[in-house]
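# Structural characterization, general
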Amino acid sequence: MADRQRQRRPVVVLYERIVEAVHQGVYPPGSQLPTEPRLAADLGVSRPALREALILLQEDGVITVRRGVGRTVNHHPPQRGFETLKPMEDLLGAGAAVRTVRLAQTLEEPTDFSAQHLLLPAHGEVRFWESMIEVNSLPSCLAHEWAATGETLTGLGLDPAQALDSAPGAPSTMLKLLLESGRGMALKGSSTMVATMLGSRRGAQFGRPSDTPAVLVTQVIHAGRTPVLAAKYMLPTGAPALPVWQSR
C-alpha cells in the first residue's frame, strides 16, 4: 500500500493537494480559484501539470468551469477515500470473508493521542477497544479505537450505553457500531497514512516479524465540529489494499 502511494502519478498528487486545500478552507466552497499562473506559482508546479489536475478536478465535480467566470469550487465537492466513513471491515472485506475479533474492551485514562483528538480532560476515563480484523482467516488489521465521553455522545443524540457498553465482544469495530447507531447524523472523517514497522508487540499479534513493513492509518470522526471517535489502524504488508484513492 505504501508502494501504491509512492507510485501515484504526480498529477494525482497535485490533485490531492488541491482537494486537501479545499477541505482546509484555503479554497472554500463557492470561491474562485486563483488564475492559472498564480495557482501554479502558489503550488510550485508547472502550468501543464496544473492544467491536467484541474481537468481531473472538473471531471470529478470538485470545481466548475464557466466561460467568463473562471474556476469555482463547488459547494458540495464529492467526498473520497476514508471520508466516506466506511468501517474498516467494509473497506477491507470486498469479496472476502471478514471477521472482527475483540482483543480488549476497557475504560482507561486518556492517552496523549486520545486526549488530543477527542478533547478529553487530563483525568477521567475513556472507552478503548482493541480489535483484530481477519480477512480470509488472516490477521490483516489491528484496530485501536477511543470514543468521546458518554456526555458528549448523549448530547449528540447517540446512546453510548446502547451502542457500545451493551455490546461486549461484538464482532465489530467501534466505528461500525457508532455508524449504525447514529444513522441520520452528519458524521465526517479525516485520515492520515504513514509507513512504519510492526514492532515486537504488534508483530506477535499478527504472527509476523517485528521488522515487517506496515501502514499506520489514523482516523478522527466528527459530528459537526465535535470529535466522537479517534482510531489507529495498523495494516502489515500483504494486507488487502485499501480503496483510499478511489477516483484515480
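Structural data are supplied above this passage.
Everything in this summary refers to the structure shown in the same document. All figures in this text were calculated on a predicted structure; none of them were measured in a lab.

## Focus: the overall build of the protein
Regarding its fold elements, the protein presents 10 helices and 8 strands. Each of the 248 residues in the protein was classed as buried or not, and the buried ones make up 44%. Element-wise, carbon and sulfur atoms account for 51% of the exposed surface of the protein, whose accessible area totals about 12700 Å².

## Let's talk about the pairing of strand S7 (residues 213-223)
With 8 of 11 residues buried, S7 is to be regarded as a mostly interior element. Direction of pairing for strand S6 (residues 187-197) relative to S7: antiparallel, over a ladder of 11 bridges. Residue Lys188 lies in a different strand from S7, and its bridge partner there is His222. Here 10 bridges tie S7 to strand S8 (residues 226-236), and the two strands are oriented antiparallel to one another. Looking at the pairing, Val215 lines up with Leu235 of S8. As consecutive antiparallel partners, S7 and S8 are separated by 2 residues, and within that stretch Gly224 has a phi angle of approximately 65°, a positive value.

## As for the packing of aromatic side chains
Tallying each qualifying case throughout the model produces 2 aromatic pairs. Ring geometry for Phe113 and Trp146: centres 5.2 Å apart, planes at 55°, overall tilted. Taken as a pair, Phe113 in helix H6 (residues 112-118) and Trp146 in strand S5 (residues 138-147) lie far apart in primary sequence, 33 residues in all. Across the pair, Trp146 and Phe113 agree in class, each one buried. Of the aromatic side chains, those joined through ring pairs into one cluster are Phe113, Phe128 and Trp146.

About the thresholds
Residues numbered from 1 in each chain as written. Predicted model: local features only at pLDDT ≥ 70, side-chain atom pairs only at ≥ 80, totals over all residues. Heavy atoms only, no water. Helix = DSSP H or I, 4+ residues; strand = E, 2+ residues; numbered from the N terminus. Buried < 20%, exposed > 50% of the residue type's maximum accessible area, 1.4 Å probe, protein only. Areas by Shrake-Rupley, 256 points an atom, 1.4 Å probe, with all protein chains shown as cover. Pairing = 2+ DSSP bridges. Phe/Tyr/Trp six-rings, centres within 6.5 Å; stacked < 30°, edge-to-face > 60°.

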